[in-house]
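Residue-level structural notes
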Amino acid sequence: MSARLRALQHRELRADLDALYADYTACLDEERFEDWPGFFTEPCLYKIVPRENFERGLPLATWLCESKGYLQDRVVAIRKTLLFAPRRIRRMVSGLRIIGWDGDALETRASYAAFETLTDETTRVFNVGAYRDKIVDEAGALKFREKICVFDSLLVPNSLIYPL
Amino acid sequence: MSHERRWPNIGPSRVPYWVYSDPDLYALEQQRIFQGPNWSYVALEAEIPNPGDFKRTFVGDKSVVVIRAKDGGVTVVENRCAHRGLQFCQTHLGHADEIMCPYHQWTYDLDGNCTAVPFRRGVKRQGGMPADFDLAEHGLRRLSVARRHGVVFASFADALETFEEYLSPPILELFDRVFDGRGLKVLGYSRQLIPANWKLMFENIKDPYHASILHVFLLSFGLNRVDQPNRIVIDPKGRHASTMTWRGEQKRTDDNADMRSLIEDLTLNDPSMLDPVREYPQYTVCMTTLWPNLILQQQSNTIATRQIITKGPNAFELAWTFFGYAGDDEAMTKRRLRQANLMGPSGFVSIDDSEAMAMAQQGIAPAPEGAAVVELDGRSWRQEEAHGVTESQIRAFYDYYRRVMEL
């Protein structure tokens, strides 16, 4: 599955990863949520977890998605069922590092920051943390098999509605 | 204060908007309610299993530390050094053999007794505390503590009724439904800062009206709707309450014709999120509000305490502790974790509430002259209702609130 990934030279791999993260955040920043599950494999694991749970080994996640179907259900909720005030969320990713391999999956870490803009307020730092990802090659494209967002800012400013 | 603090003559079916934003009233609430003769939720005993384990939390604005004592008991002290007032404990959870303030190293045992004060006898016969300085007079402020079936409550008041009397028999029975004496297992925490007055959180839970209108997710899947059987219980004083419902079907009937947001063909792409098993007798949902700071949630298989921590008149922290039972098998733990997707700052259901409360505060805060209309099902309240088409729990709450606050 990821033989191509292993064969890539470091510089090419970095370029592919940079493109993956740029495409991922652009998809979310531009609110193309229907495209978001396409960044993941099936099955997959996507979680947003407060640092205090993660560090203590407590299993509760703020978001828990265990399949593409779960990701799609979140999109349906955003589009059809939830009430929420209009907002924009913009995400910045930096310090992307390759940690190693877990079987055929490339393990990466990166810091992220998400900024929130509400109608009558100035833009604020909304959520800051680290991505702990596992990435595989699926038919020539990089996909997340696992994406865990561990956030530092334990107190969520009201609601966390859009993916990180 | 730009308005007159007078309650509308009509009674508890009106709630004047100044109660949600007045800073003087907020200060009085701290005194009379959060430092008054009430049992505030502070912890689950499972969070502090061993002697020396501690949890830092709040009762109203004041930070407190809940400590497992050497004898297995639970001590709750105010998080404020007796010397110069430092908030000595800065971590949510931890373990310590003694308490030491970092500023001048005044030291206390796990019961809050002062055990050491550096330079108490001076240095080279110079300085030191006066000869009559008595360590026993300089302990940490201790709170009264009540424990029941693994849950810890505390009060700044010295003399108050027992926890069991405080709850009253019908509410105690519902408390014991979830906390039946089995060991608990903490699954994790969620914290959100909601930009709204703390009382709006209680009103939200005490309001089965909105659940059938606002929560498209809940009502479409028949998890909680007023056209299903409902039962409401209020304690004799009006301060605590419970709403119970049974799960219904996902279909349109004459009874839910007013629920415009019901989506009959809403389906989950991954139905494993909603795979509840029957765990408790009778009702599938039981939401209990305990004056002055706790919501006890049992929504199918998610059980959680939601602690209200006031942060000024215009905001509160909602601190969620999700838990299960020590004897849960892996499948049950998985089920609880999956269903937890409905709750918390990202909950499929509770996002609606936190967003609606923020919008309410935005409308209310600049309009102290206005008042909320709380007339669904009448202008008074009874201890028992067999339906959910009612705002009686909110009227009961303000009936009691007015007596406490002398408004």
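Here is what the cut-offs are and how they apply
Residues numbered from 1 in each chain as written. Chains lettered and ligands numbered in written order. Predicted model: local features only at pLDDT ≥ 70, side-chain atom pairs only at ≥ 80, totals over all residues. Helix = DSSP H or I, 4+ residues; strand = E, 2+ residues; numbered from the N terminus. Rg over C-alpha atoms; globule rule 2.2 N^0.38 Å. Contact = placed C-beta atoms within 7 Å. Buried ≥ 20, exposed ≤ 12 C-beta atoms within 10 Å, placed from the backbone. Domains from an automatic or database assignment. Nonpolar A, V, L, I, M, F, W, Y, C, P; charged D, E, K, R; others polar. Pairing = 2+ DSSP bridges. Axes fitted to C-alpha atoms, helices over the stretch in contact; angles between N-to-C directions. Arc of directions from axis to C-beta. Expected span 1.5 Å × (residues − 1). Core = buried A, V, L, I, M, F, W, Y, C linked by C-beta atoms within 7 Å.

In terms of helices and strands, chain B carries nine helices and 20 strands. Here chain B has a C-alpha radius of gyration of 23 Å; the compact-globule value for 407 residues is 22 Å, and the two agree. In terms of overall dimensions, chain B has a C-alpha envelope of 90 × 55 × 35 Å along the principal axes. For chain B, contacts bridging at least 24 residues in sequence account for 64% of all contacts bridging at least 6.

When you go through chain A residue by residue, the secondary structure sums to four helices and seven strands. Whereas a compact globule of 164 residues would reach a radius of gyration of roughly 15 Å, chain A reaches 16 Å, a difference of no more than 12%. Expressed along its principal axes, the backbone C-alpha trace of chain A runs to roughly 50 × 35 × 30 Å. Taking all 164 residues of chain A together, 37% fall into the buried category.

Quick look at the domain arrangement of chain B now. All names here are of chain B. Each assigned domain of chain B is listed with its residue range as follows: domain 1 (40-147) and domain 2 (169-405). Contact with domain 1, which involves eight residues of that partner, is made by 14 residues of domain 2. In terms of residues, the side of domain 1 that touches domain 2 owes the most to one element, strand 2 (residues 40-44), which gives three residues. Each residue belonging to the side of domain 1 that touches domain 2 can be placed in one class, and the counts come to four nonpolar, two polar and two charged.

The next subject is the sheet that holds strand 4 (residues 62-68) of chain B. All names here are of chain B. Across the sheet, four strands lie side by side as 5-4-3-6; this open sheet has antiparallel pairing. Of all strands in the sheet, those bounded by a partner on one side alone are strand 5 (74-78) and strand 6 (93-95). Sheet twist, expressed as the average angle between the axes of neighbouring strands with direction ignored, equals 30 degrees. Direction of pairing for strand 4 relative to strand 5: antiparallel, over a ladder of five bridges. Bridge pairing in strand 5 links Val65 to Val77.

Right, let's talk about the interface of chain A and chain B for a bit. Listed as interface residues are 30 residues of chain A and, on the opposing side, 36 residues of chain B. The set of elements that each furnish at least two residues to the side of chain A that touches chain B consists of strand 1 (40-50), helix 3 (51-56), strand 2 (63-65), helix 4 (68-81) and strand 7 (155-157) of chain A. Looking at the side of chain A that touches chain B, the element that brings in the most residues is helix 4 of chain A, giving seven residues. Residues belonging to the side of chain A that touches chain B are distributed by class as follows: 19 nonpolar, eight polar and three charged.

This paragraph deals with the pairing of strand 17 (residues 302-310) of chain B. All names here are of chain B. With nine of nine residues buried, strand 17 is to be regarded as a mostly interior element. Neither face of strand 17 is open: one carries Thr302, Ala304, Arg306, Ile308 and Thr310, the other Ile303, Thr305, Gln307 and Ile309, and all of them are buried. Between strand 16 (residues 294-299) and strand 17, which pair antiparallel in sequence order, lie two residues; one of them, Ser300, sits at a positive phi of approximately 50 degrees. Between strand 17 and strand 18 (residues 316-325), which pair antiparallel and follow one another directly, the connecting turn spans five residues, one of which, Gly312, has a positive phi of 85 degrees.

With that settled, the discussion passes to the sheet that holds strand 10 (residues 144-148) of chain B. All names here are of chain B. Spatially, three strands are ordered 2-11-10 in an open sheet, and the strand pairing comes out antiparallel. Looking at strand neighbours, the two that pair on one side only are strand 2 and strand 10, the edges of this open sheet. Neighbour to neighbour, the strand axes of the sheet diverge by 30 degrees on average, direction disregarded. Here strand 10 runs beside strand 11 (residues 151-155); their pairing, made up of five bridges, is antiparallel. Its bridge partner lying in strand 11, Val145 is registered against Ala154.

Further remarks concern helix 3 (residues 169-178) of chain B. Residue and element names in this part refer to chain B. Turning to helix 3, its buried residues are Ile171, Leu174, Phe175 and Val178. Buried residues of helix 3, seen end-on, are gathered within an arc of 105 degrees and therefore sit on one face of the element. Opposite the packed face of helix 3, turned more than 90 degrees from it, sit the exposed residues Pro169 and Glu173. Looking at the buried side of helix 3, the elements it contacts are helix 2 (163-167), strand 13 (230-234), strand 14 (241-245), strand 15 (285-290), strand 16 and strand 17.

Take helix 4 of chain A next. For helix 4 of chain A, spanning 14 residues, the distance from its first C-alpha to its last is 19 Å, which sits close to the expected 20 Å at 1.5 Å a residue. On the buried face of helix 4 of chain A, the contacting elements are strand 1 and strand 2 of chain A together with helix 6 (216-220) of chain B.

Moving on, we come to the environment of Asp120(A). Residue and element names in this part refer to chain A. Within the fold, Asp120 resides in the loop between strand 4 (105-118) and strand 5 (124-138). In this structure Asp120 comes out as exposed when scored by C-beta crowding, with 6 C-beta atoms within 10 Å. Sequence separation between Asp120 and Tyr70 is 50 residues, and the spatial gap between their C-alpha atoms is 32 Å.

What follows deals with the nonpolar core. Residue and element names in this part refer to chain B. Core analysis: the largest hydrophobic core is formed by 141 residues, its most contacted members being Val42, Val64, Val66 and Met201. Two domains each put at least three residues into this core: domain 1 (40-147) and domain 2 (169-405). Contact partners of Val42, with chain neighbours within four places excluded, come to Thr57, Val59, Val64, Val66, Val76, Val152, Phe153 and Ala154.

Across the junction of Glu42(A) and Pro43(A), the peptide omega takes the value -5 degrees, indicating a cis bond. For Pro43(A), the location among the structural elements is in strand 1. Between Trp291(B) and the following residue, Pro292(B), the backbone shows a cis peptide bond with an omega angle of 0 degrees. Checked against the element boundaries, Pro292(B) lands in the loop between strand 15 and strand 16. A positive phi angle, near 65 degrees, is found at Asn158(A), a position not held by glycine. A positive phi angle, close to 60 degrees, is found at Phe119(B), a residue other than glycine. Counting through the fold element by element, Phe119(B) comes out in the loop between strand 9 (114-116) and strand 10. Taking the C-beta count within 10 Å as the criterion, Phe119(B) has 12 such neighbours and is therefore assigned exposed.

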